[in-house]
Amino acid sequence: MSTDSESQDPAERKSAIVTRHEQAAEEVLPGHRELFIGGEWVSSASGETFETTDPTTGETLAEVQAGGEADVDRAVEAAWNAYEGTYSGLSTAERQAMLESIADTVDEYSEEFARLESLDNGKPISEARIDMALVADHFRYFAGIARAHEGRTVETDDSRHVQTLREPYGVVGQIIPWNFPLLMAAWKLGPALAAGNTVVLKPAEETPLTVLKLMELTEDVIPDGVVNVVTGFGPEAGAPLAEHPDIRKLAFTGSTEIGREVMKGAADNITDLTLELGGKSPLVVFPDADLERAVETTITAIFFNTGECCCAGSRLFVHEDVKDDFLDELAAAAEELTVDDPLLEATDLGPKVTAEQVERTMSYIEEAEQAGAAFVTGGSQPDDEALSDGCFVAPTLIEDIDHDSRAVQEEIFGPVQEVFTWSDYDEMIELANDVDYGLAAGVLTEDLTKAHQAVRDIEAGNVWVNTYNDFPAGQPFGGYKQSGMGRETAQEAVEHYTQTKTANISLR
Ligand code: ADP
């Protein structure tokens, strides 16, 4: 592991980081940090607020409103007023134009959004820029789909005319996580608005700022009340949204544990639901894989976004014939990664989002160590005084670990990968599928037949071959098993935000 500016004194580097972050915050923080309801910036009904923290420095970034049930009620009412008063009357061309304008705004301010995301979440600036390009592109993709979704005519006989209409739900609720704050908002807002719904959205309490900034910059583009944002904590603001009788459809991205709670909340009102939940994805290296490319892909699979990806390739299965060479190269590449201030261009891994998340990751690492597992590399927080106030964890590769152990079966959501060796294909597939999750997988081979076979054998909603974490708009994303239900980022996401009405017209 290396740092960006090793030649400098750690105390000087630490103070340079604080100064850089204070200056960036001054330049990019949104002016408004209130709730955004019915096109107005308002305080929470309770008057309560909370602080969002910069995970690099540990300093407070901003104070935002702690929304609660009364605020959710207000937001749902505003969303229905906007649906009935304006939005349901907009043509598909007008919805398309609105979504394109949102994309233009993201492009125009992309550097500010990227820096803000980096401050609030801790992700490296180079990766935050990738997020922002995807945010704009997903809004553009759904702008196109707004014009392209259609009902059907059903042929029976000449006694009747049967057709289907795809109608919006009205008001939808969306609860999003902290790992890709603005991108997850785009994945959800895009299809919901394209389909003609209005929205109440709750960002994660750890990272509410980029969504607020988006609302601030698109106030003139999105009609009042069409998108409402209630910041706040899960039980106080998320649960009332999930349980709200006037929410007709819910979309949630987060942990499987909370997904279950959201599903229970939705059950009382039989609210339609899509869930994108946790993962513990296998990444399989075949003996014929191109070594250099396979190492590069493995690094992306587990260390992109500091491992805070629900689809991270966190269980590596390397064929025994190439294991020694592959692991040597992989460990060397992991040790070359720069762990440092996320605002620096050269940084590969920033801090985790909160101290609580560091604790969680370290508890899995410690448990694995106590059970006798070995570290190929990492296994601790970085030994760098300049980063000591931040939530950093070193890139970690673990071997000699039991596949049934907690660290392997549960989602760590950090830069930690467990390594297994395989020789028999069927046994490897059995192990690869031996988790509750089924979100994603990776296959590294030059042999097309083996690749196709593995794609079919692995239980996952997304299988990447010789690539990983690649998210072009239009490619459906979602999970098998306890990784969720429904698909995002594609045309079928728009289907999830509409309901089918059948008209049967007698011709006799
Ligand atoms: P993580 O474990 O990665 O922090 P969570 O699943 O806890 O992710 O959180 C994802 C989102 O769900 C956040 O916006 C959070 O506030 C929200 N949330 C947490 N608890 C609840 C709940 N009981 N009901 C609804 N939303 C919740």
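For the structure, see preceding data.
So, a few notes on the structure that sits alongside this text. Since we're looking at a predicted model, the values are computed, not measured.

What about empty space enclosed by the protein?
On inspection of all chains with the given rule, the structure shows five cavities of 30 Å³ or more. What lines the largest cavity is Gly279, Lys280, Ile302, Gly307, Cys309, Ala312, Ser314, Glu411, Ile412, Phe413, Gly414 and Val416.

Quick notes on the site of the ligand
Looking at the ligand, there are 16 residues lining it, with Ile176, Trp178, Lys202, Glu205 and Ser255 nearest. The separation between an oxygen atom of the ligand and a polar side-chain atom of lysine 202 is 2.8 Å. Serine 255 has a polar side-chain atom sitting 2.7 Å from an oxygen atom of the ligand. Considered on its own, the ligand offers 560 Å² of accessible surface; in the complex 83% of this is hidden by protein. A majority-of-atoms criterion places the ligand in the largest pocket. Only α8 (234-242), β10 (249-253) and α9 (256-267) provide two or more residues apiece to the shell around the ligand. Sorting elements by how many residues they give to the shell around the ligand places α8 first, with three residues. Across the shell around the ligand, the residue classes break down as nine nonpolar, five polar and two charged.

Section: the sheet that holds strand β15 (residues 396-399)
Taken together, the seven strands give an open sheet; going across it, the order is β14-β15-β16-β13-β12-β18-β19, and neighbouring strands pair in mixed fashion. Where the open sheet ends on each side, the last strands, each with one partner, are β14 (374-377) and β19 (462-465). Within the sheet, the average angular offset between the axes of one strand and its neighbour, ignoring direction, is 25 degrees. Note: strand β12 (residues 282-285) against strand β13 (residues 315-319), four bridges, orientation parallel. Each bridged residue has a counterpart across the sheet, and for leucine 283 the counterpart in β13 is leucine 316.

Re helix α14 (residues 425-432)
Those residues of α14 that fall on the buried side of the exposure criterion are Met428, Ile429 and Ala432. End-on, the buried residues of α14 take up no more than an arc of 100 degrees, which puts them together on one face. Facing away from the buried side of α14 by more than 90 degrees, the exposed set consists of Asp426, Glu427 and Glu430. Buried-residue contacts for α14 involve β12, β13, β16 (416-422) and α15 (448-457). The N-cap residue of α14 is aspartate 424: its side-chain oxygen and the backbone nitrogen of aspartate 426 are 3.2 Å apart.

What to know about the pairing of β15
Side chains Thr396 and Ile398 of β15 all project onto a buried face; the interleaved residues Leu397 and Glu399 project onto the opposite face, where all are buried too. Taken together, the three bridges between β14 and β15 define a ladder with antiparallel strand orientation. From the neighbouring strand, alanine 374 faces β15, where its bridge partner is glutamate 399. Looking at chain direction, β15 and β16 are connected through three bridges and run parallel. Residue pairing in the sheet places isoleucine 398 in a bridge with glutamate 418 of β16.

Some points on the sheet that holds strand β5 (residues 153-154)
An order of β5-β6-β22 is seen for the three strands of this open sheet, with the pairing classed as antiparallel. In the strand order of this sheet, the two ends are held by β5 and β22 (498-506), each with one partner. Note: β5 against strand β6 (residues 160-168), two bridges, orientation antiparallel. Following the sheet pairing, threonine 153 is matched in β6 by glutamine 163.

Side note on the layout of surface pockets
If you roll a probe as big as a water molecule over the atoms, it shows you where there is empty space left. Of the volumes computed, that of the largest pocket is approximately 1,200 Å³. Every residue lining the largest pocket is counted, 42 residues in all, and those nearest its centre are Phe252, Gly254, Ser255, Glu257 and Ile258. Secondary structure elements with two or more residues in the lining of the largest pocket: α8, β10, α9 and α12 (355-370). For the lining of the largest pocket, the leading source of residues is α9, giving seven residues. Here the residues of the lining of the largest pocket are counted per class, giving 16 nonpolar, 13 polar and 13 charged.

About the cut-offs
Chains are numbered independently. Their residues run from 1 in the order of the written sequence. Only residues with pLDDT of at least 70 get local features here, since the model is predicted, and only at 80 or more are side-chain atom pairs given and counted; chain-wide, interface and lining totals rely on the full set of residues. Each side-chain value is derived from all of the structure's non-hydrogen atoms; neither hydrogens nor water enter the calculation. Cavities and pockets are found on a 1 Å grid laid over the protein atoms alone: a cavity is a set of points where a 1.4 Å probe fits but cannot escape, a pocket is an open set with protein on both sides within 12 Å along at least five of seven lines, and a lining residue has an atom within 4 Å of such a point. Grid points are joined across faces, edges and corners, and a volume is the space filled by probe spheres set on the points. Put simply, a residue is near a molecule or strand once any heavy atom of it comes within 4 Å of that molecule or strand. Counted as a polar contact is a pair of N or O atoms within 3.5 Å, where, for protein atoms, one must be capable of donating a hydrogen and the other of accepting one, and residues adjacent in sequence contribute only when both atoms are in side chains. The Shrake-Rupley method, run with a 1.4 Å probe sphere, supplies the accessible areas, and residue values consider only the shown protein chains as cover. More than half of a molecule's atoms within 2 Å of the grid points is what it takes for that molecule to sit in a cavity or pocket. Secondary structure elements follow DSSP: runs of H or I no shorter than four residues count as helices, runs of E no shorter than two count as strands, and numbering proceeds from the N terminus. For this classification, the nonpolar set comprises Ala, Val, Leu, Ile, Met, Phe, Trp, Tyr, Cys and Pro, the charged set comprises Asp, Glu, Lys and Arg, and every other residue, Gly included, is treated as polar. Pairing between strands is defined by DSSP: at least two bridges between the two strands are required. Between N-to-C directions, angles span 0 to 180 degrees; the directions come from axes that are lines fitted to C-alpha atoms, helices contributing only their stretch in contact. Think of it in three bands: with a 1.4 Å probe and only protein chains considered, a residue is buried below 20% of the maximum accessible area for its type, exposed above 50%, and partly exposed in between. Regarding the arc, it is the one traced by the directions from the helix axis to the C-beta atoms. Pairs of residues are marked as contacts when any of their non-hydrogen atoms sit within 4.5 Å.

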